[in-house]
Amino acid sequence: MASLNVGNLGEYLREQRRTAQLSLRQLADAAGVSNPYLSQIERGLRKPSAEVLQQVAKALRISAETLYVRAGILDEKERDELETRAVILADPSINERQKQVLLQIYDSFRKENAAENAAESAAEGAAASGADTGADADTGADVDAERSSNDPRTST
């Protein structure tokens, strides 16, 4: 019944609870779950829901996303994006409009980078399959154009 992720999650929760200097009973009370249930989670016998993980994270004052990754609910990339968004939204030094603008810029950069990565992957795939045959001709044309140009900006 116990999976590797649940075991790692339990070990991590136990470590966080001990670091916070909380007994199992204290954490269970703070998270609003039963003492036996929390004990089973820590021992890797139960896989908690996202809601329970969120309650435990709040009681431990740690990121719920970190627990989601450890439990296999969320992958690492999704967690990074969510944490970035959470930090922006939690910043008290900027107003709501500024937060929304920052999030829009962040989304724009992520989309731009994803498109560039996809284009690079496609170009690498085309080069690997031998489909990229026009590069030498373009380079030769550029050299010929450069030789024949008499650009007055380059001579002083």
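Above this text sits the structure in question.
Quick caveat: nothing in here was measured; it's all calculated off a predicted structure.

Caption draft 1: Region of interest: the overall build of the protein. Along the backbone of the protein there are eight helices and zero strands. Taking all 156 residues of the protein together, 24% fall into the buried category. Taking the contacts inside the protein whose residues are at least 6 apart along the sequence as the reference set, 45% of them involve residues at least 24 apart. For the protein, the exposed area adds up to about 10900 Å²; of that, 50% sits on carbon and sulfur atoms.

Caption draft 2: Main features of a nonpolar patch on the surface. A contiguous nonpolar patch, built from Val101, Ile105 and Phe109 and spanning about 250 Å² of accessible area, is present on the exposed surface. Checked against the element boundaries, Ile105 lands in helix α7 (residues 96-128).

Caption draft 3: Inspection of the nonpolar core at higher detail. In terms of nonpolar packing, the biggest core is built from 21 residues, with Leu9, Leu13, Val33, Leu38, Leu53, Val56 and Leu67 touching the most fellow members. Ignoring any residue separated from it by four or fewer positions in sequence, one finds Val56 in contact with Leu13, Leu27, Ala31, Leu38 and Leu67.

Caption draft 4: Examining the packing of helix α2 (residues 24-31) against helix α4 (residues 50-60) more closely. Direction vectors running N to C along α2 and α4 enclose 115°, while the axes themselves pass 8 Å from each other. Handedness of the crossing formed by α2 with α4: right-handed. Contacts between α2 and α4 involve Leu27, Ala30 and Ala31 on the former and, on the latter, Gln55, Val56, Ala59 and Leu60. A per-class count over the contact of α2 with α4 returns six nonpolar, one polar and no charged.

Caption draft 5: Structural context of helix α3 (residues 35-42). Listed in full, the buried residues belonging to α3 are Leu38, Ser39, Ile41 and Glu42. Seen end-on, α3 carries its buried residues on one side only, within an arc spanning 160°. Capping the start of α3, Ser34 holds a side-chain oxygen 3.2 Å from the backbone nitrogen of Tyr37, two or three residues further along. Directly beyond the C-terminal end of α3, a positive phi value near 80° is found at Gly44.

Caption draft 6: Quick peek at the packing of aromatic side chains. The full count for this structure, using the stated rule, is zero aromatic pairs. In this arrangement the basic side chain of Arg70 is found over the ring face of Tyr12, its NZ or CZ atom lying 4.0 Å from the centre.

Caption draft 7: Expanded view of the side chain of Gln16. The residue Gln16 is located in helix α1 (residues 4-19) in this model. Apart from the residues within four sequence positions on either side, Gln16 is in contact with Leu60 and Ile62.

Calculation notes
- Residues numbered from 1 in each chain as written.
- Predicted model: local features only at pLDDT ≥ 70, side-chain atom pairs only at ≥ 80, totals over all residues.
- Heavy atoms only, no water.
- Helix = DSSP H or I, 4+ residues; strand = E, 2+ residues; numbered from the N terminus.
- Buried < 20%, exposed > 50% of the residue type's maximum accessible area, 1.4 Å probe, protein only.
- Contact = heavy atoms within 4.5 Å.
- Areas by Shrake-Rupley, 256 points an atom, 1.4 Å probe, with all protein chains shown as cover.
- Patch = residues over 30% accessible without salt bridge, like charges linked within 9 Å, V, L, I, M, F, W, Y side chains within 5 Å.
- Salt bridge = Lys/Arg side-chain N within 4 Å of Asp/Glu carboxyl O.
- Core = buried A, V, L, I, M, F, W, Y, C linked by side-chain atoms within 4.5 Å.
- Axes fitted to C-alpha atoms, helices over the stretch in contact; angles between N-to-C directions.
- Left-handed = near helix turned anticlockwise from the far one by under 90°.
- Nonpolar A, V, L, I, M, F, W, Y, C, P; charged D, E, K, R; others polar.
- Arc of directions from axis to C-beta.
- Polar contact = N/O pair within 3.5 Å; in protein donor to acceptor, adjacent residues only side chain to side chain.
- Phe/Tyr/Trp six-rings, centres within 6.5 Å; stacked < 30°, edge-to-face > 60°.
- Lys NZ or Arg CZ within 6 Å of the ring centre and 35° of its normal.

From the geometry alone we can't say anything about function, so treat these as descriptive.
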